[in-house]
Amino acid sequence: MLAIQAVRTGGPEVLEAVDLPVPTPGPGQILVRHHAVGLNFIDTYHRSGLYPMKMPVVLGLEAAGVVEALGDGVMRFAVGDRVAYNGSLGAYAEAAVVAADRAVKVPDSVSLEVAAAVLLKGMTAEFLVRRCFHVKPADVVLVHAAAGGVGSILVQWCKSLGATVIATVGSEAKAAIARDLGADHVILYDHEDVAARVAEITGGKGVTVVYDGVGKDTFAASLKSLARRGMLATFGNASGPVPPFSPLELAGKSLFVTRPKLFDYIVTTEELDESAAALFEVLASGAVKIDIGQTFPLAEARAAHEALEGRRTTGATLLLP
């Protein structure tokens, strides 16, 4: 089968197409024949070495497809079931073996392409708005990179909960996307002072929560944009990791900062199923719509990484085997 390996740490040029044998599922595992593979920013962290791992490695944490074979003891699925998974390395391939208790069934109302595009990003949005910080109608929320994969879901989900959403984006084209998603206010962070505009929009009060997947470049503005006792959820490093800072910087307004990751919120199979159910519910209701902004053949994963890191993508990106 075709698979894409990072042969060493580095830029997109380290990605190489290889021919690997189709794996056999062991006890408690399923073999999934992929219909679509999700591209996520964490894939670039694995490739670059920001999140170290042994090389060479088949990248990718998210895919959707059909169960082709079962390992011993698997009762959760049957051959032919439509499934999706995230968190299992090796998705950049035509098929993969994953633990049965880390995959979820995809309802008939959701296509496999949408499932592959949304599971990791959508579950990330789910825990951010429902459990890391419980968004309520009175809240004013700041979402960075609002036209991106997670950001576009956050804008819609927060709006569905009744919150006021301030979105930041990097271009006029992405500003139009954010407005179409329902953002109440849009800030061009390359051309405007984000914290000053937030203060203007909120009458000096600030926002109750900031969802920041950008990292280093937006951290200072995120802190300045918070209201008293506000929370900054810095969940990504698109511009690089946040530099060290003193807790005393939080004391002025008794602020909270958290660096959460999805896999601490879906530790058990029960948590995984509950998160997926909440996600599929907002998709079925129409409250959240998924824009698959671009697709690439699996063999062109290098070009997909270049587009993602070059900020030339909108919405979700898929690799198609």
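### Quick word on the environment of Gly 122
Right, so step 1: Tracing the backbone shows Gly 122 in helix H2 (residues 112-132).
Right, so step 2: In this structure the C-alpha to C-alpha distance between Gly 122 and Pro 260, which are 138 residues apart in sequence, comes to 15 Å.
Right, so step 3: Residues in contact with Gly 122, not counting those within four places in the same chain, are Ile 153, Trp 157 and Leu 279.

### Quick look at the layout of surface pockets
Right, so step 1: Considering only enclosed or pocket space, the largest pocket measures out at about 1,100 Å³ in volume.
Right, so step 2: Along the walls of the largest pocket sit 48 residues, with Phe 41, Tyr 45, Gly 213, Val 214 and Ala 238 positioned nearest its centre.
Right, so step 3: Going through the elements one at a time, helix H1 (41-48), H2, helix H3 (149-160), strand S10 (164-169), helix H8 (301-309) and strand S16 (316-320) are the ones with two or more residues in the lining of the largest pocket.
Right, so step 4: Classifying every residue of the lining of the largest pocket gives 23 nonpolar, 17 polar and 8 charged.

### Examining the packing of H2 against helix H7 (residues 269-285)
Right, so step 1: Packing of H2 against H7 brings their axes to within 9 Å, and their N-to-C directions diverge by 95°. It follows that H2 is roughly perpendicular to H7 by the angle criterion. Every residue of H7 that contacts H2 at Val 118, Leu 119, Gly 122, Met 123, Glu 126, Arg 130 and Arg 131 is listed here: Leu 272, Ser 275, Ala 276, Ala 278, Leu 279, Phe 280 and Leu 283.
Right, so step 2: Considered class by class, the residues forming the contact of H2 with H7 number 9 nonpolar, 2 polar and 3 charged.

### Some points on the environment of Asp 273
Right, so step 1: Among the structural elements, Asp 273 can be located in helix H7.
Right, so step 2: Between the alpha carbons of Asp 273 and Val 140 there is a distance of 29 Å; along the sequence they are 133 residues apart.
Right, so step 3: Sequence-distant contacts of Asp 273, defined by excluding residues within four places in its chain, comprise Arg 76 and Val 104.
Right, so step 4: At 2.6 Å, the side chain of Asp 273 forms a polar contact with the side chain of Arg 76.

### Focus: the pattern of salt bridges
Right, so step 1: Tallying each qualifying case throughout the model produces 14 salt bridges.
Right, so step 2: With a shortest N-O distance of 3.9 Å, Lys 105 and Asp 81 are connected by a salt bridge. With Lys 105 in strand S8 (residues 103-105) and Asp 81 in the loop between strand S5 (62-70) and strand S6 (82-86), the pair connects residues that are 24 residues apart, well separated along the chain.
Right, so step 3: Of the charged contacts, one joins Asp 264 and Lys 261 as a salt bridge, the two residues approaching to 2.8 Å between their closest N and O atoms.

### Quick look at the sheet that holds strand S4 (residues 57-58)
Right, so step 1: Pairing in this open sheet of 3 strands is antiparallel, and the strands run S2-S1-S4 from one edge to the other. The open sheet has two edge strands with one neighbour each: strand S2 (15-19) and S4.
Right, so step 2: The pairing of strand S1 (residues 2-6) with S2 spans 5 bridges and is classified as antiparallel. Of the residues in S2, the one forming a bridge with Ala 6 is Leu 15.

### Observations regarding the state of the cysteines
Right, so step 1: A complete count under the given rule lists 0 disulfides for this structure.
Right, so step 2: You can see Cys 132 has no disulfide; the closest cysteine sulfur is in Cys 158, sitting 12 Å from it.

### Focus on the packing of aromatic side chains
Right, so step 1: Within this structure, the stated rule accounts for 4 aromatic pairs.
Right, so step 2: Between Tyr 45 and Tyr 51, the aromatic rings sit 5.1 Å apart at their centres with planes inclined by 65°, giving edge-to-face as the arrangement.
Right, so step 3: On the basis of relative accessible area, Tyr 51 is assigned to the partly exposed category, the value being 28%.
Right, so step 4: Ring geometry for Phe 219 versus Phe 245: centroids 5.0 Å apart, planes at 45°, classification tilted. Linking Phe 219 in helix H6 (residues 219-225) with Phe 245 in the loop between strand S13 (226-234) and strand S14 (256-258), this pair joins segments that are 26 residues apart in sequence.
Right, so step 5: Judged by its relative accessible area of 6%, Phe 219 is buried.
Right, so step 6: Note on Phe 245: relative accessible area 31%, which makes it partly exposed.

So, how was this worked out
Residues numbered from 1 in each chain as written. Predicted model: local features only at pLDDT ≥ 70, side-chain atom pairs only at ≥ 80, totals over all residues. Heavy atoms only, no water. Helix = DSSP H or I, 4+ residues; strand = E, 2+ residues; numbered from the N terminus. Contact = heavy atoms within 4.5 Å. 1 Å grid on protein atoms, 1.4 Å probe; cavity = no way out; pocket = protein on both sides within 12 Å on 5 of 7 lines; lining within 4 Å. Points joined across faces, edges and corners; volume = space filled by probe spheres on them. Nonpolar A, V, L, I, M, F, W, Y, C, P; charged D, E, K, R; others polar. Axes fitted to C-alpha atoms, helices over the stretch in contact; angles between N-to-C directions. Parallel < 35°, antiparallel > 145°, perpendicular 65-115°, else oblique. Polar contact = N/O pair within 3.5 Å; in protein donor to acceptor, adjacent residues only side chain to side chain. Salt bridge = Lys/Arg side-chain N within 4 Å of Asp/Glu carboxyl O. Pairing = 2+ DSSP bridges. Disulfide = S-S within 2.5 Å. Phe/Tyr/Trp six-rings, centres within 6.5 Å; stacked < 30°, edge-to-face > 60°. Buried < 20%, exposed > 50% of the residue type's maximum accessible area, 1.4 Å probe, protein only.

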